[in-house]
Each structure stands twice: as C-alpha cells, then as structure tokens.
Amino acid sequence: FDDFKDVFNVKLDASIAQSSIILTNQSGFNYLDKLKDKDGNYILQPDVTDKTKKMLFGEYPVHKVSNKTLKSIEAEGIVKHPVYMGDLKEAITLFDREKITVELSTEAGDLWAKDLTGIKVRDRFDVQSVDETAVIAGEITETVAG
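Caption draft 1: Local environment of the layout of surface pockets. Each pocket or cavity is described by its volume, and for the largest pocket that value is around 290 Å³. Along its surface, the largest pocket is lined by 17 residues, and F1, D3, F4, E139 and I140 are the ones closest to its centre. Those elements that place two or more of their residues in the lining of the largest pocket are helix 1 (2-11), helix 3 (26-34), strand 6 (78-86) and strand 9 (135-143). The leading source of residues in the lining of the largest pocket is strand 9, at six residues. Within the lining of the largest pocket, the residues separate by chemical class into eleven nonpolar, two polar and four charged.

Take a look at the structure:
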C-alpha cells in the first residue's frame with residue numbers, strides 16, 4: 001500500500017489527488033477488499049456517508065467495474081488486476097459533435113424478402129485527452145496458489 005500512498009501523495013498533483021478515485025475490476029476489488037492490516041482490520045473501510053461503498057485510507061473511493069469490461073491478465077501463476085488512480089473527469093472530456101445521420105432502407109441485406117424496413121442512426125461523439133497526468137495506471141499483482 002505504500003505504492004498507493006506514493007501515487008496519491010507525490011505522483012498525482014495535489015489538486016488532482018483531492019478528487020481522485022481508484023478504479024479496478026471485480027477481481028482487483030475482491031483482492032483489495034480481503035486485505036487486512038497487522039491488527040486484523042480490513043484495509044478498505046466503508047464510506048461513512050454510504051455504507052455500500054468502500055474507501056482506501058478513508059479518503060479515496062474505490063470503484064469496481066465488470067471483469068468483462070476491464071480484464072485481469074493471468075500467466076504462470078500470477079494474476080495482474082488493472083487499477084487506475086486519479087480523477088477521470090480531469091483526464092478526458094467527451095464532445096457531442098451534434099451530428100446525427102438517419103438512413104432508411106428496404107433493400108439492405110434481406111429486408112426486401114422479409115418485407116421490412118431497416119433504420120440506421122449514427123450519433124457522433126468524441127473523446128479527447130485533457131490531462132494525461134490526472135490518472136495513473138497500475139496493477140495489483142496476485143499470486144495464484146496451485
């Protein structure tokens with residue numbers, strides 16, 4: 001956990017660290033959620049404002065996404081769970097290009113034979129990096145027994 005402290009105390013800008021989170025997948029969260037300190041207390045603590053959420057160091061919310069969305073990598077008895085630390089809102093921005101196209105067809109594919117009309121809608125969005133230093137990627141390394 002000293003590596004986590006290094007990220008939040010030194011590697012992230014102080015203004016970014018204030019609004020930072022930890023993002024990992026279900027397996028990474030499970031690993032963190034089971035860790036205990038030398039006194040037997042769990043490292044992740046419940047958020048005092050919402051008992052269904054967990055906090056690291058009482059300061060940084062821990063969010064989990066599906067293992068399907070964010071995959072762990074396993075090789076030779078070692079599993080590496082992805083973890084992202086920082087403020088995602090500061091790292092990227094989403095643009096709605098406000099360009100929508102709608103197309104209709106009765107002939108595409110086998111629509112004519114089935115007496116159907118197909119509709120295709122395209123909505124243009126864009127994602128741009130704003131501050132590449134606002135998020136630090138890492139991994140949690142877990143040794144798998146057997």
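Caption draft 2: Region of the structure containing the pattern of salt bridges. Within the structure shown, the criterion is met by five salt bridges. As a salt-bridge pair, K53 and D50 come within 3.8 Å of each other at their nearest N and O atoms. A residue is classified by how much of its surface remains accessible, and K53, at 44% relative accessible area, is partly exposed. Judged by its relative accessible area of 25%, D50 is partly exposed.

Caption draft 3: Inspection of a nonpolar patch on the surface at higher detail. A cluster of nonpolar residues, I100, V102, L104, I119 and V121, forms a patch on the protein surface that exposes about 540 Å² of accessible area. Of all elements in the fold, only strand 7 (92-105) and strand 8 (118-129) reach the threshold of two or more residues within the nonpolar patch. The element best represented in the nonpolar patch is strand 7, accounting for three residues.

Caption draft 4: Representation of the packing of aromatic side chains in the model. Taken as a whole, this structure holds one aromatic pair when the rule is applied. It is K5 that lies over the ring of F57; its NZ or CZ is 4.2 Å from the centre.

Caption draft 5: Layout of unusual backbone geometry. For F57, which is not glycine, the phi torsion reads 60° and is therefore positive. Relative to the elements of secondary structure, F57 occurs in the loop between strand 3 (50-56) and strand 4 (60-65).

Caption draft 6: Seen up close, the nonpolar core. The biggest cluster of nonpolar side chains holds 19 residues, and the ones touching the most others in it are F4, F8, I22 and M85. Put simply, the parts of the chain that give this core at least two residues each are helix 1, helix 2 (14-17), helix 3, strand 4, strand 6 and strand 9. No other element matches helix 1, which puts three residues into this core.

Caption draft 7: Seen up close, the pairing of strand 1 (residues 21-25). Taken across its five residues, strand 1 has five buried, putting it largely inside the fold. Side chains of strand 1 alternate between two faces, with I21, L23 and N25 and I22 and T24 buried alike. Relative to strand 6, strand 1 runs antiparallel, the two being bridged by four bridges. Its bridge partner being in strand 6, I21 is matched across the sheet by G86. Pairing of strand 1 with strand 4 involves four bridges; the strand directions are parallel. The partner of T24 across the bridge, within strand 4, is K64.

Definitions and limits used
Residues numbered from 1 in each chain as written. Predicted model: local features only at pLDDT ≥ 70, side-chain atom pairs only at ≥ 80, totals over all residues. Heavy atoms only, no water. 1 Å grid on protein atoms, 1.4 Å probe; cavity = no way out; pocket = protein on both sides within 12 Å on 5 of 7 lines; lining within 4 Å. Points joined across faces, edges and corners; volume = space filled by probe spheres on them. Helix = DSSP H or I, 4+ residues; strand = E, 2+ residues; numbered from the N terminus. Nonpolar A, V, L, I, M, F, W, Y, C, P; charged D, E, K, R; others polar. Salt bridge = Lys/Arg side-chain N within 4 Å of Asp/Glu carboxyl O. Buried < 20%, exposed > 50% of the residue type's maximum accessible area, 1.4 Å probe, protein only. Patch = residues over 30% accessible without salt bridge, like charges linked within 9 Å, V, L, I, M, F, W, Y side chains within 5 Å. Areas by Shrake-Rupley, 256 points an atom, 1.4 Å probe, with all protein chains shown as cover. Phe/Tyr/Trp six-rings, centres within 6.5 Å; stacked < 30°, edge-to-face > 60°. Lys NZ or Arg CZ within 6 Å of the ring centre and 35° of its normal. Core = buried A, V, L, I, M, F, W, Y, C linked by side-chain atoms within 4.5 Å. Pairing = 2+ DSSP bridges.

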